[in-house]
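Fold and geometry: a report
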Amino acid sequence: MRGKERKVIDDARDQPLDKRVRFSVRLLESASTYKDIVVRKKDGFTQILLSTRSTYNNTLNREVMNEVKSALEKAAVDDSKFVLLSAVGSVFCCGLDFDNIVKHLKYNRKRATVKLVDTIKNFVNSFIEFKKPIIVSVNGPAIGLGASILPLCDVVWANEKAWFQTPYTRFGQSPDGCSTITFPKIMGRAAANEMLINGWKMNAQEACDKGLVSQVFWSETFTQEVMVRIQEITSCNSFVLENSKALVHYNMNVELKQANERECEVLKKIWASAQGMEYMLKYVQNKIDSF
């Protein structure tokens, strides 16, 4: 989809005319408002798809993160019962766009660092603060921040071919996305350290066994399996869904925000340092695109 005009599909042709008009207007608003994501307002939920034009393999720069944050803010106040987060293509999300980060840090490093870290902090907080359920459909690799945000969501379904990795030390970066508390809580400290320090590449079934993923589906039927379950959740009462999430997350948000703050402060120190910049630049120059 890179470099091509984004196609918007009207899947509501059998609906009454006035409803079809409102549906079409919402899709047109999505196409005109967002550059790196697609937002589809469905009956009962909002679908947010990563489909980045300004980055490669659905990596996250400031623009992409701000667009996702904006879409979540709109879904928080409309009639959506929940959000379905997914991606276009064979990759879910490759985390932060280090090419873009290095480019910005080469100049006014201190100012650029503050802007980048604040964007990450606000992006992560938008997941923490979202009161409706967030369901994630992981179609392919989820790396770095693309993997660490998953525990901030409520249900995570993965394609059997998906894999998960947070090789922060290879990036010259410290953990993000509240993973320093969510990963140990979900999978235990030993497995969390393998992920966050040693960069363990976890396949979909291992991620399910460790609690990072809810269910794994066959590649051939992945989309169908997801949509069957989405329709089941759509039939639920929105009040019940929101309050069920509130009970599960009771007293967690303060701890998550504090972890996000700590992680971002460390990132700020690393990126503002000459050594941190040198290591990240070395990574960007030597990385091999494996997709």
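Conventions we followed
- Residues numbered from 1 in each chain as written.
- Predicted model: local features only at pLDDT ≥ 70, side-chain atom pairs only at ≥ 80, totals over all residues.
- Heavy atoms only, no water.
- Buried < 20%, exposed > 50% of the residue type's maximum accessible area, 1.4 Å probe, protein only.
- Helix = DSSP H or I, 4+ residues; strand = E, 2+ residues; numbered from the N terminus.
- Pairing = 2+ DSSP bridges.
- Salt bridge = Lys/Arg side-chain N within 4 Å of Asp/Glu carboxyl O.
- 1 Å grid on protein atoms, 1.4 Å probe; cavity = no way out; pocket = protein on both sides within 12 Å on 5 of 7 lines; lining within 4 Å.
- Points joined across faces, edges and corners; volume = space filled by probe spheres on them.
- Nonpolar A, V, L, I, M, F, W, Y, C, P; charged D, E, K, R; others polar.
- Core = buried A, V, L, I, M, F, W, Y, C linked by side-chain atoms within 4.5 Å.
- Axes fitted to C-alpha atoms, helices over the stretch in contact; angles between N-to-C directions.
- Parallel < 35°, antiparallel > 145°, perpendicular 65-115°, else oblique.
- Left-handed = near helix turned anticlockwise from the far one by under 90°.
- Contact = heavy atoms within 4.5 Å.

**Some points on the pairing of strand E6 (residues 155–159)**
Buried residues dominate E6, accounting for four of its five residues. The pairing of strand E4 (residues 134–138) with E6 spans four bridges and is classified as parallel. Bridged to Ser 137 within E6 is Trp 157. Sheet topology note: the E6/strand E9 (residues 215–217) ladder contains three bridges and is parallel. Each residue of the ladder has a partner; that of Ala 158, found in E9, is Val 216.

**Side note on the pattern of salt bridges**
Under the definition given, this model contains nine salt bridges. As a salt-bridge pair, Asp 79 and Lys 41 come within 2.6 Å of each other at their nearest N and O atoms. One end of the pair, Asp 79, is in the loop between helix H2 (62–77) and strand E3 (82–87); the other, Lys 41, is in strand E1 (residues 37–41), with 38 residues separating them in the sequence. The exposure class of Lys 41 is buried, given its relative accessible area of 11%. Glu 129 is the salt-bridge partner of Lys 257, the closest N and O atoms lying 2.7 Å from each other. Residue Lys 257 is located in helix H12 (residues 253–272), and its partner Glu 129 is located in helix H4 (residues 109–129); the two are separated by 128 residues in the primary sequence.

**Focus on empty space enclosed by the protein**
By the definition in use, this model includes two cavities of 30 Å³ or more. Approximately 50 Å³ is the volume attributed to the largest cavity. A per-class count over the lining of the largest cavity returns nine nonpolar, one polar and no charged. In this structure, the second largest cavity encloses a volume near 30 Å³. Taken together, Leu 60, Asn 61, Arg 62, Met 65, Leu 96, Ile 101, Leu 116, Ile 120 and Trp 271 form the lining of the second largest cavity. Looking at the lining of the second largest cavity, the elements with two or more residues in it are H2 and H4.

**Concerning the nonpolar core**
The biggest cluster of nonpolar side chains holds 72 residues, and the ones touching the most others in it are Phe 127, Val 138, Phe 164 and Trp 271. Top element by residues in this core is H4. It accounts for eight residues. Membership of the second largest hydrophobic core comes to eleven residues, among which are Phe 82, Val 226, Ile 230 and Ile 233.

**Section: the sheet that holds strand E7 (residues 163–165)**
Overall, mixed pairing links the three strands, which are arranged E5-E7-E8 in an open sheet. Either end of the sheet is taken by a strand with one partner, and the two such strands are strand E5 (142–143) and strand E8 (202–203). Two elements, E5 and E7, share two bridges in a ladder whose sense is parallel. Following the sheet pairing, Ala 142 is matched in E7 by Phe 164.

**Observations regarding the packing of H4 against H12**
Direction vectors running N to C along H4 and H12 enclose 160 degrees, while the axes themselves pass 9 Å from each other. When the axes of H4 and H12 are compared, the pair comes out roughly antiparallel. For the element pair H4 and H12, the recorded crossing hand is right-handed. Along its contact with H4, which presents Arg 109, Thr 113, Leu 116, Val 117, Asp 118, Ile 120, Lys 121, Val 124, Asn 125, Ile 128 and Glu 129, the element H12 presents Asn 253, Leu 256, Lys 257, Asn 260, Glu 261, Cys 264, Leu 267, Lys 268, Trp 271 and Ala 272.

**Considerations on the pairing of strand E2 (residues 45–50)**
Of all the six residues making up E2, six are buried; the element is thus mostly covered by neighbouring parts of the structure. Going residue by residue along E2, you find Phe 45, Gln 47 and Leu 49 tucked away on one face and Thr 46, Ile 48 and Leu 50 tucked away on the opposite face as well. Between E1 and E2, which pair antiparallel in sequence order, lie three residues; one of them, Gly 44, sits at a positive phi of approximately 100 degrees. As judged from the six bridges shared by E2 and E3, these two strands associate in the parallel manner.

**Remarks on the environment of Val 83**
Along the chain, Val 83 turns up in strand E3. Judged by its relative accessible area of 1%, Val 83 is buried. Along the primary structure Val 83 and Pro 133 are separated by 50 residues, whereas in three dimensions their C-alpha atoms are 6.5 Å apart. Excluding its chain neighbours within four sequence positions, the residues that come into contact with Val 83 are Thr 46, Ile 48, Leu 72, Ala 75, Phe 130, Pro 133, Ile 134 and Ile 135.

Coordinates in, geometry out; function isn't part of it.
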